[in-house]
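Analysis of the macromolecular model
Letter by letter, the chains look like this.
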Amino acid sequence: MLPDIQHAIRLQILDDRVAALTKEIAALPKHIAEIEKKLESHQRRLEIDKAALLANQKDRKRLEGEIQAHEQKVSKLKSQMMDAKTNEQYRAFQHEIDFAGQETRKAEDRILELMTDAEPLEKAVKAAEVSLATEKKHVDAEKAAARERTATDQKEIDSLKAERASIVTQMTPSVASNYERIRKGRAGVGISEAAAGRCVRCNIVLRPQFYQDLKKGETIMTCESCGRILYYNPARGVDDLSGGTRVNMSAGTGVASDD
Ligand SMILES: [Zn+2]
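Small disclaimer: the values here were computed from a predicted structure and weren't measured.

A word on the overall build of the chain
- Along the backbone of the chain there are 4 helices and 4 strands.
- In sequence order, the chain lays out its α and β elements as α-α-α-β-β-α-β-β.
- Computed over its C-alpha atoms, the radius of gyration of the chain comes to 42 Å, more than 25% above the 18 Å expected for a compact globule of 259 residues.
- Referenced to the eigenvectors of the C-alpha coordinate spread, the extents of the chain come out at roughly 130 × 40 × 30 Å.
- Across the 259 residues that make up the chain, the buried fraction comes to 13%.

This is the structure we're talking about:
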């Protein structure tokens, strides 16, 4: 195999790895933003429940104050009633006392309702506080892990690029630049194996003469369909002469290679 081809194959491996790492680095902030958004929505939910609970407690306090005021009024009315001069005055006091009593009962009923409402709210707030603390820890840990992962990935990318640069210096400049040009125009893949008479990448059937020439490995050849640099790896493939079916040795067909 031509050294330029060997180098281009290595470049492709390095470039694939760089692409995967770059993709991973780009995905990490997105992942963090997603879990942070979820955390924020849980925090908001907790704030809403807390505010509802606070309003509930305020209402109860206000009603308790009202009850106290009613009770004071009743005791005052009762003492005034002692001094009632006429039955009419007496009944008027009694009427006011009854009214205050009704208002007290109304307030008591409302307090009971509020207490019933508060119970699930209190439970929800307590549970949310516990789960939020756990969630926050998890988010912090994920963020730290993402930072670490990014740094590790970046370090690997740097070393891959260094190796890449040194390989490029060992290549025929036109082959290196060709590889680069094809790779950029062809979804990141500049070189493809040919096996069983086909370009593995675009799957086109190669002309028999073209394939035979390629197998000789004497010149740099490119796929007539996808334009990628082609190589034939005799150590891997076992091709029959017609260039048709690829024979799998492990399948036990017993067909020997002619290369
Ligand atoms: Zn092709």
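Further notes follow.
Focus on the packing of helix 1 (residues 3-82) against helix 2 (residues 87-170)
- Interhelical geometry of helix 1 versus helix 2 gives an angle of 165° and a closest axis separation of 4 Å. If you check the angle between helix 1 and helix 2, you find them roughly antiparallel. Where helix 1 crosses over helix 2, the handedness of that crossing is left-handed.
- Residues that form the contact of helix 1 with helix 2 fall into these classes: 35 nonpolar, 13 polar and 31 charged.

Considering the nonpolar core
- Core analysis: the biggest nonpolar cluster contains 16 residues, and A8, Y179, A194, I229, L230 and Y231 have the highest contact counts within it.
- Of all the elements in the fold, those that place two or more residues in this core are helix 1, helix 3 (173-185), strand 1 (191-195), helix 4 (208-216) and strand 4 (229-231).
- Those residues within four positions of Y179 in sequence are excluded, and the remaining contacts are A8, L11, G190, I191 and I229.

Focus: the domain arrangement of the chain
- Split into domains, the chain comes out as domain 1 (3-170) and domain 2 (175-251).
- Measuring from the centre of the C-alpha atoms in domain 1 to the corresponding centre in domain 2 gives 59 Å.
- Between domain 1 and domain 2, the residue contacts involve 9 residues of the former and 11 residues of the latter.
- Among the elements that take part in the side of domain 1 that touches domain 2, helix 1 stands out by supplying 8 residues, more than any other.
- Across the side of domain 1 that touches domain 2, the residue classes break down as 6 nonpolar, 1 polar and 2 charged.

Quick notes on the rules
- Each chain carries its own residue numbering, running from 1 in the written order of its sequence.
- Restriction of local features to residues with pLDDT of at least 70 applies here, the model being predicted, together with a cutoff of 80 or more for giving and counting side-chain atom pairs; totals for whole chains, interfaces and linings are based on all residues.
- Each helix is a run of DSSP H or I of at least 4 residues and each strand a run of E of at least 2, with the numbering of both proceeding from the N terminus.
- Each radius of gyration reported is based on C-alpha atoms, and the globular scaling rule is 2.2 Å times the count of residues to the power 0.38.
- In this scheme every C-beta is placed from the backbone, and a residue whose C-beta has 20 or more other C-beta atoms within 10 Å is buried, one with 12 or fewer is exposed, and one in between is partly exposed.
- To get an axis, fit a line to the C-alpha atoms, keeping to the stretch in contact for a helix; angles then go from 0 to 180 degrees between the N-to-C directions.
- Each angle gets one of four labels, with under 35 degrees taken as roughly parallel, over 145 as roughly antiparallel, 65 to 115 as roughly perpendicular, and the rest as oblique.
- It is the rotation of the near helix from the far one that decides the hand of a crossing: anticlockwise by less than a right angle makes it left-handed, clockwise makes it right-handed.
- When residues are grouped by polarity, Ala, Val, Leu, Ile, Met, Phe, Trp, Tyr, Cys and Pro land in nonpolar, Asp, Glu, Lys and Arg in charged, and all others, Gly among them, in polar.
- The term nonpolar core means buried Ala, Val, Leu, Ile, Met, Phe, Trp, Tyr and Cys residues held together as one set by C-beta atoms within 7 Å.
- Whether two residues are in contact depends on their C-beta atoms, placed from the backbone: they are in contact if these lie within 7 Å.
- Delimitation of the domains relies on an automatic or database domain assignment.

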